[in-house]
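# Observations on the model geometry
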Amino acid sequence: NKSLSVIVDTFPPVINSLLPVNGSVSNNKLNFVFSVSDNHASSVDCSLSVNKDSFNLFAKDFSLNNNVQDSLLVKLDTGGFISYDFSCSDSVSNKISQTNYLIIDNVPPKISLLSPDNNIFSNRLTPVTFKVEDDFGIEGCNVFVNNDRARTNFSITDDFNISFYPLWNEGLSSWKIEC
C-alpha cells in the first residue's frame with residue numbers, strides 16, 4: 001500500500017508592493033521596489049520591462065524569494081510618458097502581471113534671474129526677483145547670496161515672478177537660485 005500527496009496550486013502570486021507609484025513623476029534614475037508572495041512557492045520567477053511608445057527600454061528576468069522585498073535600480077536615457085510591466089509566475093505557471101505608468105522628467109527647471117541686473121550699483125533694499133518654469137511642477141528652490149543659503153525650499157508657483165529682500169553685504173555681492 002502506497003500513499004501519495006498532491007499539492008494543488010491554482011492561485012497566482014500576489015504583488016505586495018511596487019514602486020514607483022503608478023502615475024507619479026520621477027527623474028530618470030528609477031528605484032523599482034517590489035515584493036511578491038505565493039501560497040506555496042518559496043520563490044517565484046519575475047520580470048520587469050520598461051517601455052515607451054511600444055519600444056522596450058529595459059527588461060530583466062529574475063527570481064524573488066517569497067515575501068522578501070527587493071529592489072532594482074534602472075537609469076533611463078529618455079524622458080516622457082512610460083509604462084512598466086511587472087509580472088511573476090510560480091512553479092506551476094500561475095502568473096500575475098501589473099502594468100503601471102509614470103512620467104520621466106529629466107529636464108531641469110528653467111530659471112530666469114530677473115533682478116537685480118549683473119554689475120549694478122544698488123542700496124541694501126534691492127529685491128531679488130526670479131521666475132522658474134517646469135513642465136511637471138517645481139518641488140522647491142534655494143536662494144544663495146554670497147554663497148550662503150538665504151532662503152530654503154519655499155513653495156514655487158510655476159511661471160510666476162518671486163521676489164524677496166536679502167541682506168546684502170557692503171561691496172560686491174553675488175546671488176544664485178537652485179531649483
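The structure contained in this document is the topic of the report that follows. (Residues numbered from 1 in each chain as written. Predicted model: local features only at pLDDT ≥ 70, side-chain atom pairs only at ≥ 80, totals over all residues. Heavy atoms only, no water.)

### Some thoughts on the sheet that holds strand E3 (residues 29-37)
Read across the open sheet, the three strands follow the order E1-E3-E6; overall the sheet is antiparallel. Of all strands in the sheet, those with a lone pairing partner are strand E1 (14-19) and strand E6 (70-75), marking the two edges. Strand-to-strand twist across the sheet, computed as the mean angle between neighbouring axes with direction ignored, equals 20°. (Pairing = 2+ DSSP bridges. Helix = DSSP H or I, 4+ residues; strand = E, 2+ residues; numbered from the N terminus. Axes fitted to C-alpha atoms, helices over the stretch in contact; angles between N-to-C directions.)

### Regarding the pattern of salt bridges
Applying the stated criterion across every chain yields a total of two salt bridges. Linking glutamate 133 and lysine 110 is a salt bridge whose minimum nitrogen-to-oxygen distance equals 4.0 Å. Highlighted residues: glutamate 133 in strand E10 (residues 128-133) and lysine 110 in strand E9 (residues 110-115), separated in sequence by 23 residues. For the salt bridge of lysine 176 with glutamate 178, the shortest nitrogen-to-oxygen distance reads 3.6 Å. You can call glutamate 178 partly exposed: its relative accessible area is 38%. (Salt bridge = Lys/Arg side-chain N within 4 Å of Asp/Glu carboxyl O. Buried < 20%, exposed > 50% of the residue type's maximum accessible area, 1.4 Å probe, protein only.)

Honestly, that's just the spatial picture; any functional story needs more than this.
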